[in-house]
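An overview of the molecular structure
Chain by chain, the residues run as shown.
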Amino acid sequence: MSIFEIIFWFAIIVEMTIRAPINKKRKQEKMSEQNVSTQEKVILFLLLIGMFILPLIYSASSWLDFASYSLPAWAGWLGVALLLGALFVFWRAHADLGLNWSPSLEIREKHELITKGIYGIIRHPMYASQWLWVIAQPLLLQNWVAGFANLLIFIPFYMLRVQAEEQMMINKFGDQYRDYMKRTGGVLPKMG
Ligand code: SAH
């Protein structure tokens with residue numbers, strides 16, 4: 001296993017450690033609205049394949065070796081830098097969103113609109129973190145299948161999700177969310 005693969009798996013463990021306590025607590029809470037369509041379930045399952053299952057097959061077997069390539073060392077370290085950025089943003093987003101987080105589009109009974117911390121700069125820090133991650137992955141896992149699957153799956157997920165999520169937030173919070181949208185960027189900070 002290369003150093004970059006080891007760093008990739010280490011980062012997976014860091015993300016699981018950040019998310020686990022929130023996930024455990026939120027399962028004890030009531031939801032007032034849940035919009036988990038079959039399409040959404042399918043995409044979440046595909047994301048799991050791109051982020052975890054294919055990398056696991058790549059690292060643990062030789063089945064994907066036919067699709068491997070090799071990049072210069074600087075490209076791998078660029079991947080590490082992007083991954084560290086992804087972890088930092090992921091951590092801050094979980095710290096600020098807390099129990100308002102959910103894997104699919106949901107509104108909790110006690111849902112609170114968060115506009116502070118990293119959410120005061122961008123509306124979708126977790127998706128921003130995911131962008132950094134899917135760009136880093138082909139630099140770290142140097143394989144056409146294990147490296148790029150996550151990116152290919154994330155693009156349609158992102159496009160469908162952000163639109164549906166913002167519509168849900170507008171339905172729930174109305175002008176409060178519309179004002180928040182004016183002040184902030186989506187995944188990139190708003191300039192000026
Ligand atoms: N798009 C955000 C959150 C992803 S988790 C991000 O990228 O960081 C998805 C859930 O977060 C949604 O179901 C919604 O209920 C909740 N959510 C999204 N933005 C929120 C906000 N500003 N305040 C509170 N909850 C929010």
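Residues numbered from 1 in each chain as written. Predicted model: local features only at pLDDT ≥ 70, side-chain atom pairs only at ≥ 80, totals over all residues. Heavy atoms only, no water.

1. Some thoughts on the site of the ligand
Around the ligand sit 21 residues in total, of which Glu106, Ile114, Tyr119, His124 and Glu165 are the nearest. His124 places a polar side-chain atom, nitrogen or oxygen, 2.8 Å from a nitrogen atom of the ligand. Starting from 540 Å² of accessible surface for the ligand in isolation, the protein chains cover 99%. Among the secondary structure elements, those contributing two or more residues to the shell around the ligand are α4 (125-140) and α5 (144-173). Per-class residue counts for the shell around the ligand are 12 nonpolar, 5 polar and 4 charged. (Near = heavy atom within 4 Å. Polar contact = N/O pair within 3.5 Å; in protein donor to acceptor, adjacent residues only side chain to side chain. Areas by Shrake-Rupley, 256 points an atom, 1.4 Å probe, with all protein chains shown as cover. Helix = DSSP H or I, 4+ residues; strand = E, 2+ residues; numbered from the N terminus. Nonpolar A, V, L, I, M, F, W, Y, C, P; charged D, E, K, R; others polar.)

2. Observations regarding the environment of Asn143
Residue position: Asn143 is located in the loop between α4 and α5. Judged by relative accessible area, Asn143 falls into the buried class, the value being 0%. Placed 24 residues apart in sequence, Asn143 and Gln167 show a C-alpha to C-alpha distance of 37 Å. Non-local contacts of Asn143, meaning those with residues more than four positions away in its chain, are made with Tyr58, Leu64, Ala67, Ser68, Tyr69 and Phe148. Only 2.8 Å separates the side chain of Asn143 from the backbone oxygen of Leu64, close enough to count as a polar contact. (Buried < 20%, exposed > 50% of the residue type's maximum accessible area, 1.4 Å probe, protein only. Contact = heavy atoms within 4.5 Å.)

3. Quick look at α4
Between its first and last C-alpha atoms α4 spans 22 Å; for 16 residues at 1.5 Å apiece the expected length is 22 Å, and the two agree. For α4, the buried fraction is high: 13 of the 16 residues fall into the buried class. (Expected span 1.5 Å × (residues − 1).)

4. Quick notes on the packing of α5 against helix α6 (residues 175-183)
Interhelical geometry of α5 versus α6 gives an angle of 130° and a closest axis separation of 6 Å. Taken together, the axes of α5 and α6 lie oblique to each other. Between α5 and α6, the residues in contact are Glu166, Met169, Ile170 and Phe173 and Asp175, Gln176, Tyr177, Arg178 and Met181, respectively. (Axes fitted to C-alpha atoms, helices over the stretch in contact; angles between N-to-C directions. Parallel < 35°, antiparallel > 145°, perpendicular 65-115°, else oblique.)

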